[in-house]
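As a plain string of letters, each chain reads:
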Amino acid sequence: MNPASIGVFDSGLGGLSVLREIRALLPHESLLYLADSKYAPYGEKPETFVEARTLQACEWLLGQGCKALVIACNTATMHAVQTLRERLPVPIIGVEPGLKPAAAASRSKVVGVLATANTLKSAKFGRLLSSLAGESRFICEAGLGLVSLIEQGDLDGPAVRERLDAYLTPMLEAGADTLVLGCTHYPFLSGTIREMVGDQLALVDTGSAIARQLARKLAEHGLCADAGALPRDRFVSTKDAAHLHAMAAALLRVDADAETAVIEPAPAF
Ligand code: DGL
């Protein structure tokens, strides 16, 4: 039994969509959420920055005593998970766009994928796409601008709707019946997407699969918290604790104990 926290990392608020699934599945585990909102969005930053910054953030989480890390960010996973696994001495659970479940679920065998520009251009995503090429046609769109709007708390305003319309229309025109939410920020747009496209697109989000994978890894490494443990969660932002507190309340309905941390990038950046 191990009472230490599980570190959950994202470039910003998106990882909260993964955290809510972890909280539901593992009620006795303490969670330490780190939102690097000062440097979001990662999806439109140089890839070398994403890798170095993710490593730095995860080292900070280990410094806080975390027993395992969830990289609740597709972009960071795509560009840094291999380095993290080579360098850090704890189990690391990454996320990737749910192309496989989407291809299996699609009837039209045309699947839309909405993810960040950096996720779509990563070698890891390229390999995933090629491995499933025979199973479905994937129409990929970079959700430019969406992460910044969500970070500001805009989930359904005109700017969000205009962008979603531009990204989803080509998918619908190509016959897509399934949409992969390939960025952990996007599940917070599910309601707006549903309003806009009705049931034309089934939405695929991997948050609950990640929580199950985390549970398996904790058990495998003997790291589970005691079944009677009372969890103590911490929510940390590199930008603004009050905003993180407000967004956690709005998105997850939790009264989060939020703090601001100063984690400055190495001088090269
Ligand atoms: N939540 C991150 C992801 O899953 C967003 C990346 C960003 O900051 O652009 O990709």
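Residues numbered from 1 in each chain as written. Predicted model: local features only at pLDDT ≥ 70, side-chain atom pairs only at ≥ 80, totals over all residues. Heavy atoms only, no water.

An unreviewed UniProt entry annotates the protein chain as Glutamate racemase of Cupriavidus oxalaticus. Taken verbatim from the UniProt record of the protein chain, the Catalytic activity (unreviewed entry) comment is "L-glutamate = D-glutamate". Listed under Pathway (unreviewed entry) in UniProt, the entry text for the protein chain is "Cell wall biogenesis; peptidoglycan biosynthesis." (UniProt positions renumbered as here; feature names shortened; annotations may be inferred.)

(A) Quick look at the pattern of salt bridges. Scanning the model with the defined rule gives 9 salt bridges in all. The closest approach of N and O atoms between glutamate 195 and arginine 161, which form a salt bridge, is 2.7 Å. On the criterion of sequence distance, the pair formed by glutamate 195 in helix H9 (residues 190-197) and arginine 161 in helix H8 (residues 158-173) is long-range, its members being 34 residues apart. You can call glutamate 195 exposed: its relative accessible area is 57%. Salt-bridge contacts for glutamate 220 lead to lysine 217; the nearest nitrogen and oxygen are separated by 3.6 Å. (Salt bridge = Lys/Arg side-chain N within 4 Å of Asp/Glu carboxyl O. Helix = DSSP H or I, 4+ residues; strand = E, 2+ residues; numbered from the N terminus. Buried < 20%, exposed > 50% of the residue type's maximum accessible area, 1.4 Å probe, protein only.)

(B) Structural context of unusual backbone geometry. A cis geometry characterises the amide bond from alanine 40 onward to proline 41, with omega recorded as 0°. The topology assignment puts proline 41 in the loop between strand E2 (31-35) and helix H2 (47-63). One non-glycine residue with positive phi stands out, namely lysine 109, at about 60°. Here lysine 109 lies in the loop between helix H4 (99-105) and strand E5 (110-115). A positive phi is found at arginine 253, a non-glycine position, where the angle reads about 60°. Along the chain, arginine 253 falls in the loop between helix H11 (241-252) and strand E10 (258-260). Classification of arginine 253 as exposed rests on a relative accessible area of 69%.

(C) Quick peek at the site of the ligand. The local shell around the ligand holds 13 residues, among which Ser11, Tyr42, Gly43, Thr75 and Thr184 are the closest. At 2.9 Å from a nitrogen atom of the ligand is found a side-chain nitrogen or oxygen belonging to aspartate 10. With respect to the ligand, the side chain of threonine 184 contributes an N or O atom lying 2.7 Å from a nitrogen atom. Relative to its free-state accessible area of 300 Å², the ligand is covered by the protein chains to the extent of 100%. Its atoms largely coinciding with the cavity grid, the ligand occupies the second largest cavity. Here the residues of the shell around the ligand sort into 5 nonpolar, 7 polar and 1 charged. (Near = heavy atom within 4 Å. Polar contact = N/O pair within 3.5 Å; in protein donor to acceptor, adjacent residues only side chain to side chain. Areas by Shrake-Rupley, 256 points an atom, 1.4 Å probe, with all protein chains shown as cover. 1 Å grid on protein atoms, 1.4 Å probe; cavity = no way out; pocket = protein on both sides within 12 Å on 5 of 7 lines; lining within 4 Å. Sits in = over half its atoms within 2 Å of the grid points. Nonpolar A, V, L, I, M, F, W, Y, C, P; charged D, E, K, R; others polar.)

(D) Up close: the nonpolar core. If you look at the biggest cluster of nonpolar residues, it comprises 29 residues, and the most contacted ones within it are Leu16, Ile22, Tyr33, Val70, Leu214 and Phe235. Residue assignment for this core shows that the elements contributing at least two residues are strand E1 (6-10), helix H1 (16-25), E2, strand E3 (68-71), helix H10 (207-220) and H11. With sequence-adjacent residues up to four places away left out, phenylalanine 235 is seen in contact with Leu16, Leu19, Tyr33, Leu244, Ala248, Val254, Ala256, Asp257, Ala258 and Glu259. Core analysis: the next-biggest nonpolar cluster, separate from the first, contains 26 residues, Leu55, Trp60, Cys66 and Leu84 among them. (Core = buried A, V, L, I, M, F, W, Y, C linked by side-chain atoms within 4.5 Å. Contact = heavy atoms within 4.5 Å.)

(E) View of the packing of H1 against H11. Interhelical geometry of H1 versus H11 gives an angle of 60° and a closest axis separation of 11 Å. In terms of orientation, H1 and H11 fall into the oblique class. Remark: the crossing between H1 and H11 carries right-handed chirality. Along its contact with H1, which presents Leu16, Leu19 and Arg20, the element H11 presents Leu244, Ala248, Leu251 and Leu252. (Axes fitted to C-alpha atoms, helices over the stretch in contact; angles between N-to-C directions. Parallel < 35°, antiparallel > 145°, perpendicular 65-115°, else oblique. Left-handed = near helix turned anticlockwise from the far one by under 90°.)

(F) The arrangement of the packing of H2 against helix H3 (residues 74-87) in detail. Contact geometry of H2 with H3 gives a least axis separation of 9 Å together with a crossing angle of 50°. By the angle class used here, H2 and H3 are oblique. Where H2 crosses over H3, the handedness of that crossing is right-handed. Contacts from Glu47, Val50, Glu51, Thr54, Leu55 and Cys58 of H2 reach H3 at Thr75, Ala76, His79, Ala80, Thr83, Leu84 and Arg87.

(G) View of the layout of surface pockets. Estimated volume of the largest pocket: approximately 420 Å³. Surrounding the largest pocket, 22 residues form its lining, Gly94, Val95, Glu96, Ile210 and Gln213 being those nearest its centre. Those elements that place two or more of their residues in the lining of the largest pocket are H3, strand E4 (92-93), H4, helix H6 (123-131) and H10. Split by residue class, the lining of the largest pocket holds 10 nonpolar, 5 polar and 7 charged. (Points joined across faces, edges and corners; volume = space filled by probe spheres on them.)

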